[in-house]
Amino acid sequence: MPLTARLNGTRLISVDLTPEAFEALRGEAGLQMTCCEAGARVKRSVRGLPFFAHAARGACEYAGESDLHVHAKAEVLRAAREAGWAADVEVRGHTPGGQAWRADVLCERGRSRVAFEVQRSGVTLADLHARQATYRQSGVRGLWLMRTRERDLQRAQPWQADTPALYLTEARTVPALGLTLPEFVHAALGGHLTLFPARERAVDLDVQQEPARCPACTRTHYRVRAVRVRVPASPDVQVVIPGTQGGVGEWLSAAQWWPDRFVTWPTGRTRLYRCPTCGLFLSASRFQPKWLKADDGAARFSVGRRGVYLTAAQHDWVVQSAGQVWTYWSLLDP
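On a predicted model such as this, the values are computed, not experimentally measured, just so you know.

A. The arrangement of the packing of aromatic side chains in detail. This structure, assessed with the given rule, holds ten aromatic pairs. Their ring planes at 50 degrees and their centres at 6.4 Å tell us that Tyr135 and Trp144 sit as a pair that is tilted. The pair Tyr135 / Trp144 is uniform in exposure class, with both members buried. For the ring pair Trp257 and Trp258, a centre distance of 6.1 Å and an interplane angle of 85 degrees mean the geometry is edge-to-face. Take Trp257: its relative accessible area is 16%, and that puts it in the buried class. Note on Trp258: relative accessible area 6%, which makes it buried.

B. Broad picture of helix H5 (residues 181–189). Among the residues of H5, those classed as buried are Leu181, Phe184, Val185, Ala187 and Leu189. Gly191, located one to two residues past H5, shows a positive phi value of around 75 degrees.

C. Looking closely at the packing of helix H2 (residues 67–82) against H5. For the pair H2 and H5, interaxial distance at closest approach is 9 Å and the crossing angle is 45 degrees. It follows from the interaxial angle that H2 and H5 lie oblique. Our pair here, H2 against H5, has a crossing hand that is right-handed. Across the interface between the two elements, Ala72, Glu75, Val76, Ala79, Ala80 and Glu82 of H2 pack against Leu181, Pro182, Val185, His186 and Leu189 of H5. When grouped by side-chain class, the residues that make up the contact of H2 with H5 number eight nonpolar, one polar and two charged.

D. Up close: H2. Spanning 16 residues, H2 covers 23 Å between terminal C-alpha atoms, matching the ideal 22 Å at 1.5 Å per step. Most of H2 is tucked away, with twelve of its 16 residues classed as buried. The complete set of buried residues in H2 reads Leu68, His69, Val70, His71, Ala72, Lys73, Ala74, Glu75, Val76, Leu77, Ala79 and Ala80. Contact partners of the buried residues in H2: strand E2 (10–13), strand E5 (50–54), strand E6 (86–94), strand E7 (100–109), strand E8 (112–119) and H5. Just beyond H2, the residue with positive phi is Gly84, at close to 95 degrees.

Calculation criteria
Residues numbered from 1 in each chain as written. Predicted model: local features only at pLDDT ≥ 70, side-chain atom pairs only at ≥ 80, totals over all residues. Heavy atoms only, no water. Phe/Tyr/Trp six-rings, centres within 6.5 Å; stacked < 30°, edge-to-face > 60°. Buried < 20%, exposed > 50% of the residue type's maximum accessible area, 1.4 Å probe, protein only. Helix = DSSP H or I, 4+ residues; strand = E, 2+ residues; numbered from the N terminus. Axes fitted to C-alpha atoms, helices over the stretch in contact; angles between N-to-C directions. Parallel < 35°, antiparallel > 145°, perpendicular 65-115°, else oblique. Left-handed = near helix turned anticlockwise from the far one by under 90°. Contact = heavy atoms within 4.5 Å. Nonpolar A, V, L, I, M, F, W, Y, C, P; charged D, E, K, R; others polar. Expected span 1.5 Å × (residues − 1).

Have a look at this one:
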């Protein structure tokens with residue numbers, strides 16, 4: 001369901017035409033699709049949105065776009081223009097090396113270029129990253145709105161900085177931020193969104209731990225079940241690092257936020273680990289992932305630190321180990 005067509009060399013955008021001008025195109029023999037130059041005809045969605053359809057069935061990949069897709073493109077286009085950006089739909093471009101791309105909505109202001117992509121059909125992360133790399137080579141910041149991979153997009157992901165993607169509902173809302181699609185476009189283009197954890201911003205840390213006493217050196221250490229990194233002003237914005245993540249115990253101990261010694265919860269059939277003080281091999285019980293559920297209360301965490309500033313290395317370790325989630329700058333700078 002594309003929004004663009006061409007008539008006698010003139011490119012038309014259906015949602016930019018008056019109802020009278022759009023209806024006047026019915027039966028126009030010279031009307032062509034911009035996606036494949038096939039014959040085009042005018043149609044309206046069940047909600048009354050004007051769009052162009054292929055006059056005959058063919059092999060064009062854009063012939064099967066959904067109602068959600070066309071409405072989302074129209075909403076992004078309008079919202080971007082309302083935000084003061086020059087915006088166009090179904091824009092074609094090439095990388096400096098000649099690789100072609102086509103943006104659902106391309107927004108431009110000054111030297112900034114942002115492409116919004118609405119992805120309803122299934123796509124692998126490898127394909128997503130490859131398409132994002134194509135945008136990057138062209139100096140375009142790609143932003144993906146996905147109807148798939150809901151579970152993945154609800155969790156923190158380490159690739160969000162390179163390939164920003166958020167889940168989009170059928171009602172065209174972005175639940176991760178509690179925004180409608182137009183509100184999301186305004187927030188994104190207005191520079192109001194960021195990824196958490198962010199560099200040089202305070203965080204709250206909660207460590208869920210289990211004490212263990214070494215029989216050899218008699219020193220007590222703590223096996224880490226989970227670490228939560230939270231926004232101080234909004235504790236619901238968080239990333240969770242499981243205790244089985246390699247190096248989490250060493251990360252906590254090296255940071256010197258606590259005088260205690262921490263160790264990563266051991267994995268594998270034997271579940272053996274070394275005492276961080278004397279190096280004796282010890283055994284831990286089976287790790288229980290249910291402790292990591294988001295609805296677990298903070299009371300289950302044994303120790304916490306508030307207003308901690310991560311070093312660049314500590315920040316990078318969190319991002320690589322647990323990923324990042326989208327939030328608002330205002331929550332990081334209350």
